Amino acid sequence: MTPAPTPTADTVRRLVRTLLENAGDGGPGPEVRPVSEEGGHGTWWVGTRHVLRLAPDREATVRMRRELRLRDLVRPHVPVTVPTAVAHGEWSPGLAYTLDTKVPGGTAEDHDVSAVGEADLAALLGGLREVPARQAETIGVPRVAPRSLEALRRMAVAAGEHLAAADEFDPARLHQLTPPGAAQLAAQPATAVLVHHALRGEHLVVSPDGRVRGVLDWTGAVVGDPAEDIAGLALAVGSGAAVRAATLTGYGARACLRGLWLARCDTVVRLAERLTGRGAEPPALLRTQLRRAWEAILLERVTELREDGADD
């Protein structure tokens, strides 16, 4: 198999000149620069108003093309901006690109989300729940079974010992989640909804006043467990804000606590993996996410959950 070419600034400039009006005309065209100095330079700023994303392989191409259809499906249901493509096609044979309008604002890593912003997140979660799951599956969004919280708990217990040896984490904190507790927080039947599945801080566009203005990168969306998006928000904005937003949406204690513990166990596992040479995320970011996920919240005092599923 022929390896995919590595995109360069010249690659991007040549492509942009064919896409944007008045970008050519013999001039240098708009400034282009990679969004991140790390990685394969698959996402580029184009001037001040556009973002160019280049799929690095065939699998990413499938996800990108599916995302274009999904964004059109999602847009009428959510109150925040979903990026719009002004052009899309192939930047190399069999490899897709999309040139999107830039959503103005920073990220949840740049700005704290305000109380009104939490209401924005609640409306986002509610909108995702309203997207017809069958339509999402028709355009290729995969249906994914819920993760086993007990299996994840066991992984986190082992990872917690590694972090304790590095003086990064007190593994006794994981004792709050017992095997019976994990079983009680198992995903409930018939709760699958459209899940963004990557509501991390860098994908939430937040204005300086703390409002959530947009959501980026829908390539990982699935039909599945809504607690995964609650978990994502715990990493992005903290457990308290995530649970408040989910509660405003109408999710009950079981879904909120499940999302909280998915986030907590994930952060322990991912930081341990990074410190043992696996993974590529910055350790500082993983430590920040660990701190956010382990914020103490009042809901943790709930010891009896209704068994009839009405709270979800």
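Scope of this entry: the structure provided in the associated data block.

Conventions adopted
- Residues numbered from 1 in each chain as written.
- Predicted model: local features only at pLDDT ≥ 70, side-chain atom pairs only at ≥ 80, totals over all residues.
- Heavy atoms only, no water.
- Axes fitted to C-alpha atoms, helices over the stretch in contact; angles between N-to-C directions.
- Helix = DSSP H or I, 4+ residues; strand = E, 2+ residues; numbered from the N terminus.
- Parallel < 35°, antiparallel > 145°, perpendicular 65-115°, else oblique.
- Left-handed = near helix turned anticlockwise from the far one by under 90°.
- Contact = heavy atoms within 4.5 Å.
- Nonpolar A, V, L, I, M, F, W, Y, C, P; charged D, E, K, R; others polar.
- Pairing = 2+ DSSP bridges.
- Core = buried A, V, L, I, M, F, W, Y, C linked by side-chain atoms within 4.5 Å.
- Buried < 20%, exposed > 50% of the residue type's maximum accessible area, 1.4 Å probe, protein only.
- Salt bridge = Lys/Arg side-chain N within 4 Å of Asp/Glu carboxyl O.
- Phe/Tyr/Trp six-rings, centres within 6.5 Å; stacked < 30°, edge-to-face > 60°.
- Lys NZ or Arg CZ within 6 Å of the ring centre and 35° of its normal.

Moving on to the packing of helix 9 (residues 253-275) against helix 10 (residues 283-293). How two helices pack is summed up by the angle between their axes together with the distance between the axes. Remark: helix 9 packs on helix 10, axes separated minimally by 9 Å, with the N-to-C direction vectors making an angle of 155°. With respect to helix 10, the element helix 9 is oriented roughly antiparallel. Considering how the two elements wind past one another, helix 9 and helix 10 form a crossing that is left-handed. Facing Leu260, Ala263, Arg264, Thr267, Val268, Arg270, Leu271, Arg274 and Leu275 of helix 9, the residues of helix 10 in contact are Pro283, Leu286, Arg287, Gln289, Leu290 and Ala293. A breakdown of the residues in the contact of helix 9 with helix 10 according to their chemical character gives nine nonpolar, two polar and four charged.

We now examine the pairing of strand 9 (residues 212-215). Of the strand pairs in this sheet, strand 8 (residues 204-206) and strand 9 are connected by three bridges, and their pairing is antiparallel. In the sheet register, Val206 faces strand 9, and the bridge partner there is Val212.

A separate point is the environment of Pro7. Examined against the element boundaries, Pro7 turns out to sit in the segment before helix 1 (9-19). With 55 residues separating them in the primary sequence, Pro7 and Val62 have C-alpha atoms 18 Å apart.

Before going further, it helps to examine the sheet that holds strand 1 (residues 32-34). Pairing is antiparallel in the open sheet, where five strands are placed in the order 1-2-3-5-4. Only two strands of the sheet have a single neighbouring strand rather than two, namely strand 1 and strand 4 (85-92). In this sheet, neighbouring strand axes are inclined to one another by 25° on average, regardless of whether the strands run parallel or antiparallel. Here strand 1 runs beside strand 2 (residues 43-46); their pairing, made up of three bridges, is antiparallel. Each bridged residue has a counterpart across the sheet, and for Pro34 the counterpart in strand 2 is Trp44. Of the strands in this sheet, strand 1, strand 2, strand 3 (50-54), strand 4 and strand 5 (95-101) are in contact with helix 1, which crosses strand 3 at around 120°.

This part takes up the nonpolar core. Judged by nonpolar contacts, the single largest core of 72 residues is most densely connected at Leu121, Leu194, Leu204 and Val237. Top element by residues in this core is helix 9. It accounts for 13 residues. Discounting chain neighbours no more than four positions away, the residues touching Leu121 are Val113, Leu204, Val212, Leu233, Val237 and Ala245. Among the nonpolar cores identified, the runner-up in size contains 14 residues, and Val12, Leu52, Leu54 and Trp91 belong to it.

Within helix 8 (residues 239-249), eight of the eleven residues are buried, which leaves the element mostly enclosed by the surrounding structure. Among the residues of helix 8, those classed as buried are Ser239, Gly240, Ala241, Ala242, Val243, Ala245, Ala246 and Thr249. Close packing links the buried residues of helix 8 with helix 3 (115-130), helix 7 (227-237), helix 9 and helix 10. Of the residues flanking the end of helix 8, it is Gly250, one or two places downstream, whose phi is positive at about 115°.

A few words now on the pattern of salt bridges. Applying the stated criterion across every chain yields a total of 20 salt bridges. One salt bridge connects Arg65 with Glu90, and the closest N-O pair in it is separated by 2.9 Å. Separated by 25 residues along the polypeptide, Arg65 in helix 2 (residues 58-74) and Glu90 in strand 4 bring together distant segments of the chain. For Arg65, a relative accessible area of 38% translates into the label partly exposed. The salt bridge partner of Glu202 is Arg200, with a shortest N-O separation of 3.0 Å. On the basis of relative accessible area, Glu202 is assigned to the partly exposed category, the value being 31%. Residue Arg200 is classed as partly exposed on the basis of its relative accessible area of 27%. A network of salt bridges, in which partner residues are shared, links Arg53, Glu67, Arg71 and Asp100.

Within the secondary structure, Ala119 is located in helix 3. When the C-alpha positions of Ala119 and Leu174 are compared, they lie 30 Å apart, and in sequence the two are 55 residues distant.

In this section: the packing of aromatic side chains. Aromatic ring pairs: the centre-centre distance and the angle between the two ring planes describe each pair. Taken as a whole and judged by the stated rule, the model has two aromatic pairs. Ring geometry for Trp261 and Trp294: centres 5.5 Å apart, planes at 90°, overall edge-to-face. Highlighted residues: Trp261 in helix 9 and Trp294 in the segment after helix 10, separated in sequence by 33 residues. The pair Trp261 / Trp294 is uniform in exposure class, with both members buried. Here the aromatic cluster, defined as three or more aromatic residues joined through ring pairs, consists of Phe169, Trp261 and Trp294. Here the basic side chain of Lys102 rests over the ring of Trp45, its NZ or CZ set 4.6 Å away from the ring centre. A cation sits over an aromatic face here: Arg264 above Trp261, 4.9 Å from the ring centre.

Attention now moves to the sheet that holds strand 6 (residues 106-107). Strands sit in the order 6-8-9 across an open sheet of three strands; the sheet is antiparallel. What marks the edges here is a single partner per strand, and that holds for strand 6 and strand 9. For strand 6 and strand 8, the ladder comprises two bridges, and the chain directions are antiparallel. Opposite Thr107, over in strand 8, you have Val205 as the bridge partner.

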